[in-house]
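Each chain is listed here by its residues.
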Amino acid sequence: MKIGAMIESFRLGFREAAAAAKKAGASGVQAYASGTINADMTDAEIAEVRRILDGEGLEISAVCGDFGCRMFYLPDESRDLIEKEKRVMSVARKLGTSIVTTHIGVVPEDTNCRQYETMHRVCRELAECADSEGGKFAVETGPEKSAVLKAFLDSLGSRGVSVNLDPANLVMCAGDDPVEAVANLKDYIVHTHAKDGVQKFAVDTRRIYAAQYFGLEPAPRGSYLEVPLGKGGVPWKKYIAALKDIGYDGYLTIEREVGDDPMRDIVTAVEFLKTLI
C-alpha cells in the first residue's frame with residue numbers, strides 16, 4: 001500500500017502543497033476538481049500540473065469530483081453538474097489516474113422511493129461514462145452502512161463503479177464497522193482515505209448529508225468529531241490487515257479537514273501509517 005495526502009488538507013497553493021506532501025513523506029496526492037485541477041483544464045494546464053508533481057516525485061492517487069449531491073436527487077435540474085462530472089473523468093485520465101471519487105448523498109434503504117430511482121439512474125450513467133474512459137467512478141463510504149452500499153452498487157451492473165473507502169465516515173456517521181466494510185466492499189475498493197473520528201451520538205445520516213432532499217431537518221452540530229489518526233474509533237490494525245487480506249495495494253490518502261496545524265498532523269499520520277503497512 002502507498003501513502004498519499006489530500007492537497008487541500010495542507011491549506012496552501014497547489015505548488016506549495018505538493019512540496020509539503022513530498023516533505024511529509026507522501027508518494028501521491030488527491031485533489032478536488034475545484035481549483036488548480038478542474039473540469040475545464042486545458043492540455044497546457046494539465047501538463048503544468050504533471051510537471052509540478054513530477055518535480056516532487058509525486059503521482060495523482062485520485063481526483064475528487066464532489067459537486068454536492070443535488071445531481072443525484074434532482075438530475076433533470078442538474079444536467080450541468082452531471083456533464084461536469086464526466087469532464088472531470090476525462091481530465092483525471094490525462095493527469096494519470098483512473099479514479100474519480102465523490103459523495104453521492106445517502107442511498108435509501110427503500111428501493112422503491114424517488115430518491116433511490118434518481119440516484120440509481122445517475123450513478124449508472126456516470127459509471128458507464130467512467131467505464132468508457134477506462135476509469136472508475138468511486139463512491140465514498142459513510143452516509144450508509146456498507147451492506148446497503150454494496151447492494152446498491154451490485155444493482156448498477158457496471159464495471160465503471162467502485163468505492164473510495166473512508167473508514168472515519170463509516171465510524172462517525174453511519175456507526176458502521178470499517179473492517180466489515182472491507183469484507184463487504186472488497187470487489188469495489190480502488191482508493192481509500194486515511195482519516196479518523198468518533199461518533200458522539202447517532203443521527204439519521206440523511207440529516208447529515210442530504211436533509212433537504214428527504215424533507216428532513218438538518219442534523220444538530222456535534223454528532224461526530226474528526227480526530228488525528230489513531231485517536232478515534234477506527235480499529236487501524238484490524239482495518240489495515242483486512243485491506244491486506246483482500247489484496248488491496250492502492251493508496252491510503254490522508255485527509256485532515258480540521259486542526260490548527262495540518263502539516264504536523266499529516267506528518268504524524270504518515271509516520272503512524274508506516275508502522276502499520
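This text follows the structure it describes.
Residues numbered from 1 in each chain as written. Predicted model: local features only at pLDDT ≥ 70, side-chain atom pairs only at ≥ 80, totals over all residues. Heavy atoms only, no water.

A few points about the nonpolar core
Here is step 1 of the chain: Counting 85 residues, the largest nonpolar core has Ile-37, Phe-72, Ile-104, Phe-137, Phe-152, Leu-153 and Trp-236 as the members making the most contacts within it.
Here is step 2 of the chain: Residue contributions to this core peak at eight residues, all from helix H5 (residues 114-132).
Here is step 3 of the chain: Contacts of Phe-137, omitting those with residues within four sequence positions, involve Phe-72, Met-89, Val-100, Thr-102, Ile-104, Cys-123, Leu-126, Ala-127, Ala-130, Gly-160, Val-161 and Ser-162. (Core = buried A, V, L, I, M, F, W, Y, C linked by side-chain atoms within 4.5 Å. Buried < 20%, exposed > 50% of the residue type's maximum accessible area, 1.4 Å probe, protein only. Helix = DSSP H or I, 4+ residues; strand = E, 2+ residues; numbered from the N terminus. Contact = heavy atoms within 4.5 Å.)

A short note on helix H10 (residues 236-245)
Here is step 1 of the chain: Residues of H10 that are buried include every one of Trp-236, Tyr-239, Ile-240, Ala-242 and Leu-243, and no others. For H10, the arc enclosing every buried residue in end-on projection is 155°, short of the 170-degree limit, so these residues lie on one face. Of the exposed residues in H10, those oriented more than 90 degrees away from the buried face are Lys-237, Lys-238 and Asp-245.
Here is step 2 of the chain: In the stretch just after H10, Gly-247 is the one whose phi turns positive, near 80°. (Arc of directions from axis to C-beta.)

A short note on the pattern of salt bridges
Pairs can form between side chains of opposite charge once their charged atoms are near each other.
Here is step 1 of the chain: Within this structure, the stated rule accounts for 21 salt bridges.
Here is step 2 of the chain: We note a salt bridge from Lys-150 to Asp-154, for which the minimum N-O separation is 2.6 Å. With a gap of four residues between them, Lys-150 and Asp-154 both fall in helix H6 (residues 146-156), about one helical turn apart.
Here is step 3 of the chain: With relative accessibility at 28%, the residue Lys-150 sits in the partly exposed group.
Here is step 4 of the chain: Across the salt bridge formed by Asp-166 and Lys-195, the nearest N and O atoms sit 3.3 Å from each other. Linking Asp-166 in the loop between strand E6 (161-165) and helix H7 (167-174) with Lys-195 in the loop between strand E7 (189-194) and strand E8 (196-199), this pair joins segments that are 29 residues apart in sequence.
Here is step 5 of the chain: A residue is classified by how much of its surface remains accessible, and Asp-166, at 0% relative accessible area, is buried.
Here is step 6 of the chain: The exposure class assigned to Lys-195 is buried, which follows from its relative accessible area of 3%.
Here is step 7 of the chain: Several salt bridges share partner residues, and in doing so they unite Arg-79, Glu-83, Lys-86 and Glu-125 into one network. (Salt bridge = Lys/Arg side-chain N within 4 Å of Asp/Glu carboxyl O.)

A short note on H6
Here is step 1 of the chain: Within H6, burial applies to Ser-146, Leu-149, Phe-152, Leu-153 and Leu-156. Projected down its long axis, H6 shows its buried positions confined to an angular sector of 125°, all on one face.
Here is step 2 of the chain: Summarising the contacts, the buried residues of H6 are in contact with H5, strand E5 (136-140), E6 and helix H8 (178-184).
Here is step 3 of the chain: Looking at the residues trailing H6, positive phi occurs at Gly-157, about 60°.

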